[in-house]
Amino acid sequence: MLLTPQEVQLFRHNGFIKLPTRLSGDLVEALKAAALKDIREAVEPVARNKDGRVIRISDLWGRGGICRETIVCDEILNPLEALLGPNIEFVRNRHNHVYLRDRDSTASLELHRDVRHWSRTIVTVLVYLEDTNLENGCTHVVPGSHILPDFVNLNDGDPLHQIALDQVIPVPMKAGGLLAIDSMIIHSAGKNRTDGTRMSMTLGYHTVDELAPPDNPKRVLVRGDRIYKGNDTNW
Ligand SMILES: O=C(O)CCC(=O)C(=O)O
């Protein structure tokens, strides 16, 4: 299912869209089981909290199997085609991980942008492997903030920045739900105030960069062609 022109316009305007597609319950369960196994066995690369517990597994692409199948699945790439065009790359060196957030988690709780400049933004797809809500820390966004002027430190006390910070809203999502954000949007994870977990995958995608050398190992072509239009081929 592709996005309608109206949904594309909403994404461009608001900086996020709940995709109309979702992952099946079976796929979500299989993903959770695979992630929990890698967390239990601490399959590298992983990140740990201060107590040594694994809270994040990284390089989902490199893990292959069901992680890789999800990265290239139609439920994600079909709607992304409406946003990014027919030629899509998966970004290996931003996101590309599963987070297991609990009461002690501190990662990404501060409002932030994932990238520094609109000319180099990515589309991030948040894949929820458990229901997220106000209690267990759903994603929060400041609608439309992807087009605000570029600022690096949101918490510097500047009243203009405070205007943006005051407009943050929560975006609860069901397990299997897919939220696409322009990574320039100001956003955060919510605080998990429950005794349960909140597991999600975070995936980043680009349109193929027609001016970048085509052999970048940090970018994987997941749909279409790797076109190269640099004019150095006919100097
Ligand atoms: O998981 C979330 O809700 C947000 C994640 C996030 O902010 C990030 O990965 O940069």
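Below or above, wherever it landed, is the structure these notes cover.

Rules behind the numbers
- Position numbers for residues start from 1 in each chain and track the written sequence from start to end.
- For a predicted model such as this one, the threshold for reporting local features is a pLDDT of at least 70, and the threshold for listing and counting side-chain atom pairs is 80 or more; totals across whole chains, interfaces and linings nevertheless cover every residue.
- Excluded from the side-chain calculations are hydrogens and water; all other atoms, namely the structure's heavy atoms, are used.
- Summary of the distance rule: residues count as near a molecule or strand when at least one heavy atom falls within 4 Å of that molecule or strand.
- N or O atoms closer than or at 3.5 Å make up a polar contact, with two conditions inside protein: a donor-capable atom paired with an acceptor-capable one, and, for residues adjacent in sequence, both atoms drawn from side chains.
- Amino acid classes used here: Ala, Val, Leu, Ile, Met, Phe, Trp, Tyr, Cys and Pro are nonpolar; Asp, Glu, Lys and Arg are charged; the rest, including Gly, are polar.
- By convention, a stacked pair of Phe, Tyr or Trp rings (six-membered ring in the case of Trp) has centres within 6.5 Å and planes under 30 degrees apart, an edge-to-face pair has planes over 60 apart, and any other such pair is tilted.
- When the NZ atom of lysine or the CZ atom of arginine is within 6 Å of a ring's centre and also within 35 degrees of its normal, the charge is said to sit over that ring.
- Note on classification: 1.4 Å probe, protein chains only; a residue is buried when its accessible area is under 20% of the maximum for its type, exposed when over 50%, partly exposed between these limits.
- In this description a helix means any DSSP run of H or I spanning at least four residues, a strand means any run of E spanning at least two, and both kinds are numbered starting from the N terminus.
- Strands are labelled as partners when DSSP assigns at least two bridges between them.
- One speaks of a salt bridge when a side-chain nitrogen belonging to Lys or Arg is within 4 Å of a carboxyl oxygen belonging to Asp or Glu.
- With axes taken as lines fitted to C-alpha atoms, and helix axes fitted only over the stretch in contact, angles between N-to-C directions fall between 0 and 180 degrees.

### Quick look at the site of the ligand
Right, on to step 1. Around the ligand, the neighbouring residues are Arg 101, Ser 108, His 112, Asp 114, Leu 126, Thr 139, His 187, Ala 189 and Arg 198.
Right, on to step 2. The separation between an oxygen atom of the ligand and a polar side-chain atom of Asp 114 is 2.9 Å.
Right, on to step 3. Across the shell around the ligand, the residue classes tally to two nonpolar, four polar and three charged.

### Here we look at the packing of aromatic side chains
Right, on to step 1. Throughout the structure, instances matching the rule amount to two aromatic pairs.
Right, on to step 2. Ring pairs connect the aromatic residues Trp 61, Phe 90 and Tyr 205, which therefore count as one cluster.
Right, on to step 3. Between the NZ or CZ atom of Arg 101 and the centre of the ring of Tyr 99, over which it lies, the distance is 4.3 Å.

### Description of the pairing of strand E3 (residues 54-58)
Right, on to step 1. With four of its five residues buried, E3 lies for the most part within the structure.
Right, on to step 2. For strand E2 (residues 46-48) and E3, the ladder comprises three bridges, and the chain directions are antiparallel. In the strand pairing of E3, Val 46 is matched with Ile 57.
Right, on to step 3. In this structure, the hairpin formed by E2 and E3 is closed by a connection of five residues, where Gly 52 is found at a positive phi of approximately 90°.
Right, on to step 4. Bridge count for E3 against strand E5 (residues 97-101) is three bridges, and the pairing is antiparallel. Within the sheet, the bridge partner assigned to Ile 57 lies in E5 and is Val 98.

### A few points about the pattern of salt bridges
Right, on to step 1. Under the counting rule described, the total for this entry stands at 11 salt bridges.
Right, on to step 2. The salt bridge partner of Arg 223 is Glu 81, with a shortest N-O separation of 2.7 Å. Here the residue Arg 223 occupies a position in strand E12 (residues 219-223), and Glu 81 occupies one in helix H5 (residues 74-84), the gap between them amounting to 142 residues.
Right, on to step 3. Across the salt bridge formed by Glu 89 and Arg 219, the nearest N and O atoms sit 4.0 Å from each other. Note that Glu 89 is positioned in strand E4 (residues 88-91) and Arg 219 in strand E12, a separation of 130 residues in sequence.
Right, on to step 4. A relative accessible area of 6% places Glu 89 in the buried class.
Right, on to step 5. Of the residues examined, Arg 219 reaches a relative accessible area of 22% and is grouped as partly exposed.
Right, on to step 6. By sharing partners, the salt bridges in this structure join Arg 53, Asp 102 and Asp 104 into a single network.

### Topic: the sheet that holds strand E10 (residues 187-189)
Right, on to step 1. The strand order across the open sheet formed by three strands is E8-E7-E10, and the pairing between neighbours is antiparallel. Two strands lie at the open edges of the sheet, namely strand E8 (169-171) and E10, each paired on one side alone. Taking the axes of each pair of neighbouring strands and ignoring which way they run, one obtains an average angle of 30° across the sheet.
Right, on to step 2. Pairing of strand E7 (residues 139-141) with E10, which is carried by three bridges, proceeds in the antiparallel orientation. Paired with Thr 139 across the two strands is Ala 189, which belongs to E10.

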